[in-house]
Amino acid sequence: MIDDALSMVDADAGDVASLADLHALAFDKAWGREAMAGALNGPGGFAFIAHAGGRAAGFVLGRTTGAECEIRTLAGPPVLRRRGLGRALVERLLARAATDGATTVFL
């Protein structure tokens, strides 16, 4: 499991650069800052960013529309894979989706 010092917070416009940087570590065809900002700030958009040891460690970005929530992307550096970070981020997204009234979540 990921370190106990992990914290998760709502991402906002000030986190866009960190989200884009994390996405670039995880994907060959990464979303740039503009695309990330558009997804975060678009209708129903939200994200959670995880920090560990004072650094951005991963994030999940979703969008809720009515009774549906879409996981738009989930990313973290390869060195932190298979340690429970993705699960923790998705669980946080699922809780938010339920609060928003979503009954279906898809990827």
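What counts, and at which threshold
Residues numbered from 1 in each chain as written. Predicted model: local features only at pLDDT ≥ 70, side-chain atom pairs only at ≥ 80, totals over all residues. Heavy atoms only, no water. Helix = DSSP H or I, 4+ residues; strand = E, 2+ residues; numbered from the N terminus. Buried < 20%, exposed > 50% of the residue type's maximum accessible area, 1.4 Å probe, protein only. Polar contact = N/O pair within 3.5 Å; in protein donor to acceptor, adjacent residues only side chain to side chain. Core = buried A, V, L, I, M, F, W, Y, C linked by side-chain atoms within 4.5 Å. Pairing = 2+ DSSP bridges. Axes fitted to C-alpha atoms, helices over the stretch in contact; angles between N-to-C directions.

**Student:** Help me out: how do you make sense of the side chain of H23 in this one?
**Tutor:** Considering the arrangement of structural elements, one finds H23 in helix α1 (residues 16–26). Its relative accessible area of 2% is what places H23 among the buried residues. Side-chain polar atoms of H23 contact the side chain of T73, separated by 2.9 Å.

**Student:** Before we go on, may I ask you to explain the nonpolar core in this structure?
**Tutor:** When a protein is soluble and globular, its nonpolar side chains tend to lie buried together. In terms of nonpolar packing, the biggest core is built from 15 residues, with V60, C69, L85, L89 and L93 touching the most fellow members. Sorting the residues of this core by element identifies β2 (45–52), β3 (55–65), β4 (68–75) and α3 (85–99) as the ones contributing at least two each. With five residues, the single largest contributor to this core is α3. Of all hydrophobic cores here, the second largest spans 12 residues; its members include A11, V16, I49 and F59.

**Student:** When you look at the sheet that holds strand β5 (residues 104–106) in this model, what are you seeing that I'm missing?
**Tutor:** Strands pair in a sheet through their backbones, by hydrogen bonds, and they do so in one of two ways: parallel or antiparallel. Taken together, five strands build an open sheet; the order of strands is β1-β2-β3-β4-β5 and the sheet is mixed. The outermost strands of the open sheet, each flanked by one partner alone, are β1 (7–10) and β5. Strand-to-strand, the axes of this sheet are offset by a mean angle of 25°, without reference to chain direction. By the bridge criterion, four bridges tie β1 to β2 in an arrangement that is antiparallel. What sits directly across from V9, in β2, is I49.

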